[in-house]
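# Understanding the architecture of this molecule
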Amino acid sequence: MEQTSQAELKVVDLPVIKRLRWHAIVLGLILIAAFSAISGWAALYRNELLSAGYLPRVSIPVLIGFTVLNAIFKRFLPSLSFTKSELIFIFALFLSTAAISGEEFGIHFYLNLLGLVYYDSPQSQWFGLFTPHIPNYLVPSIHFRDPSILWAFEGMPEGAKLPLSSWLIPLLVWTPYLLFVYALVTCLCGLFAKQWEENERLLYPLTQVPTEISSDERGDLPKVFLSHPFWLGFFIAALPYSIRALHLYFPQIPDPQIQRDGGEIFPAGPLSAFNGVDLHFYPEMVGIAFLLSREAGFSLWLFPFIRRTEVALRTALGFDMYHSEFITYQTIAAYIVMAVAIFWTARFHIIRALKEATVRSQGTEESKFLFGFLLSLLLILLWAKFVAKASWFWTFILFLGFAIVSVVVARVVCETGIYIYSSPFRVYQVIYDAFGTDRIGARNIVMLTAMSWVQIRSTATLASGYISNAIKLGAAVGISRLSIAFWFLLGIFIALSACHLTFPIVIYAYSLAKLSWWAQGAPQKAANFVGQYLTTKRPFTVHHFAGLLFGALTCLALIKLRLTFVGFPLHPLGFIAWQGWPIDRYWMPILFGWAWKSIVLHYGGYHAFKSQKPFAYGLIAGGSTSLTFWIVLRLFYPTAESIIAD
């Protein structure tokens, strides 16, 4: 990162009350409530994800809009204008909660709870498998014929009243647990924040964008808005999404086909592993990749091809099965090794926080975050034991795995800046496979799976990536990490409350058949997942152990080589992130961004790279703004297809 940016992002821990005024805080909280309700409806009814990405696409046009309005207020109504710190605070608050109503929580939790009861009916193959293990106060009803269950799937009779009262007790009981989970994630991110920001000096590429496109400290327009390359990049990025949207409304306009795959090039044999390569183009990801370190960008696009090469070699050697499992267990082992490396690097930081936590008068931010993490974990275990009636031991194992995944995902996001990413495996599924369902027990299988529909289930985004970036943004403008963490948790509570009010209404008002394609299949998929684990043994084989061993050794080797040789081109996080739909979808724009940066640095040096950063910011802002505009328009004027497939 350039020297000027480092100066701008210098961390100064100041109390929040000295830097923020209440009208900024209130506006941020109102924005969270309104957005959670609107985006929840959009996600459930149309599968339009306004909050997709660790730099949520809707957040950029919102920030640009506030920045322009702020400049107007600064001139005509200065008492209503915001400082840069306040604008960044509002953005960070929004960032920490944006995905809750989408794939992170909302579109998993409610329908899947209902599905455990509905698909426990005599007409289902899973009759009698689920409801005996679910306390009746955790679901609207334990009987599948109850209106609160039946009407969600088969529609409401004309003139009937929404059965919302059935949700009151379940949501009152679930909400403390949901808050404990988010508090655990927030405290975990806060514990590592100073270590990553000041000691290891991670790049946090995604935080550069809101810092550059928000008002300066006086409330004036940012300098990048006066840059011609910024607006050129903005226009170039907006063009393909706009043409795609116009094609959907006016088919005579050619489709730019910004999402396509390479098709079947090789009909059979080892090289068939390279069939179906995604050739998607996302201009905002090209801009983000330009901001990454060269080794991170290089590794993110190269390792998906190494993965396919490995499958080709296995096929050539006669291994025709278990390719996906072998790759997945390599990734699982790599996660464990990377988590150990992260904790080992931060060991003195954590030990110091642990010691300071025992001395009340000398408690630091890190010690308080550590205490909050441990307290949240304890409350989760108590809730699981006495409310969900699940084993505290297996709950502890589940959240140990969740903590490992959260730390590694946050590291990937903060160091490589990938736009969308989460672990390609589900923690609870790994636990069930590793320890066996007989040992874990049917009640624990049912309840641990249900408890995983907040955060742990997510295969698109995890809160740790958002919150780590948001804490960094707050610290960059002088807001103490503890203060901003408090506002995050309050914002999360408001977002969850908005989801509680929105999702049951949408579910009953439309019923399953009228919801999005994803919502229609989600509850049955969740029930099938639990049912299969309750009725089928899945042995942990030598093949799985081989994947674990190979993945651990590979990750260790990459870490050692990176520490030993300065400028070693392969980043271990590239291996961590080599599997899953996000990296398959985004590898090509990452390649373009990496190639662009490499050429600029090779022929023009650092000065040329610096001069082209506004163009990269324009790509990010233009792509996000254009896509948000067309998605919102499509909510009111639907088309047969989506602008892009999320």
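Conventions used here
Residues numbered from 1 in each chain as written. Predicted model: local features only at pLDDT ≥ 70, side-chain atom pairs only at ≥ 80, totals over all residues. Heavy atoms only, no water. Core = buried A, V, L, I, M, F, W, Y, C linked by side-chain atoms within 4.5 Å. Buried < 20%, exposed > 50% of the residue type's maximum accessible area, 1.4 Å probe, protein only. Helix = DSSP H or I, 4+ residues; strand = E, 2+ residues; numbered from the N terminus. Phe/Tyr/Trp six-rings, centres within 6.5 Å; stacked < 30°, edge-to-face > 60°. Contact = heavy atoms within 4.5 Å. Axes fitted to C-alpha atoms, helices over the stretch in contact; angles between N-to-C directions. Parallel < 35°, antiparallel > 145°, perpendicular 65-115°, else oblique. Left-handed = near helix turned anticlockwise from the far one by under 90°. Nonpolar A, V, L, I, M, F, W, Y, C, P; charged D, E, K, R; others polar. pLDDT = per-residue confidence, 0-100. Salt bridge = Lys/Arg side-chain N within 4 Å of Asp/Glu carboxyl O.

All right, on to the nonpolar core then. Among the nonpolar cores identified, the biggest contains 222 residues, and Phe-105, Tyr-177, Phe-399 and Ile-576 are the most heavily contacted of them. It is helix H26 (residues 581–636) that provides the largest number of residues to this core, a total of 20 residues.

Right, let's get into the packing of aromatic side chains. Tallying each qualifying case throughout the model produces 54 aromatic pairs. Note on Phe-281 and Phe-592: the rings are 6.4 Å apart at their centroids and 50 degrees apart in plane angle, and the pair reads as tilted. Remark: Phe-592 occurs in helix H26 and Phe-281 occurs in the loop between helix H11 (228–249) and helix H12 (283–291); sequence separation between them is 311 residues. In this structure Phe-281 comes out as partly exposed when scored by relative accessible area, which is 28%. With a centroid separation of 5.4 Å and 65 degrees between ring planes, the pair formed by Tyr-432 and Tyr-533 is classed as edge-to-face.

Turning our attention to helix H18 (residues 427–435). When H18 is considered as a whole, its buried residues turn out to be Val-427, Tyr-428, Val-430, Ile-431, Tyr-432 and Asp-433. If you follow the buried residues of H18, they end up packed against helix H14 (323–345), helix H17 (392–416), helix H19 (437–440), helix H20 (442–451) and helix H23 (517–535).

Here we come to the packing of helix H21 (residues 463–476) against helix H22 (residues 481–510). The relative placement of two packed helices comes down to the angle between their axes together with the axis-to-axis distance. Axis separation between H21 and H22 bottoms out at 9 Å; the angle between their running directions is 130 degrees. Overall, the two elements H21 and H22 adopt an arrangement that is oblique. As for the relative orientation of H21 and H22, their crossing is right-handed in sense. The residues of H22 that touch H21, namely those facing Ile-467, Ala-470, Ile-471, Gly-474 and Ala-475, are Arg-481, Ile-484 and Phe-488.

We now examine the packing of helix H3 (residues 22–46) against H26. Where H3 meets H26, the closest approach of the two axes is 11 Å, and the angle between their N-to-C directions is 70 degrees. Relative to H26, the element H3 lies roughly perpendicular. Note on packing geometry: the crossing formed by H3 with H26 is left-handed. In this structure, H3 contributes Trp-41, Ala-42 and Arg-46 to the contact, and H26 contributes Arg-634, Leu-635 and Phe-636. The residue inventory of the contact of H3 with H26, partitioned by class, reads 4 nonpolar, no polar and 2 charged.

Overall, the prediction assigns the protein chain a mean pLDDT of 90, with 96% of residues at 70 or greater. Within the model, the stretch residues 1–18 combines pLDDT values under 50 with 38 contacts to residues more than four positions away or in other chains.

So, on to the environment of Trp-517. Counting through the fold element by element, Trp-517 comes out in helix H23. Judged by relative accessible area, which is 58%, Trp-517 ranks as exposed. Taking the C-alpha atoms as reference, Trp-517 lies 32 Å from Thr-186; in sequence the two are 331 residues apart.

Under the criterion given, the structure shown has 13 salt bridges. For Arg-481, the salt bridge goes to Glu-365, with nearest N and O atoms at 3.3 Å. Taken as a pair, Arg-481 in helix H22 and Glu-365 in helix H16 (residues 365–386) lie far apart in primary sequence, 116 residues in all. We note that Arg-481, like Glu-365, is buried. Of the charged contacts, one joins Arg-411 and Glu-415 as a salt bridge, the two residues approaching to 2.8 Å between their closest N and O atoms. Pair noted here: Arg-411 and Glu-415 are both in helix H17, with a separation of 4 residues, about one helical turn. Residue class for Arg-411 comes out buried when judged on its relative accessible area of 9%. Taking relative accessible area as the criterion, Glu-415 reaches 14% and is therefore assigned buried. Counted as one network, the salt bridges with shared partners bring together Glu-197, Glu-198, Glu-365 and Arg-481.

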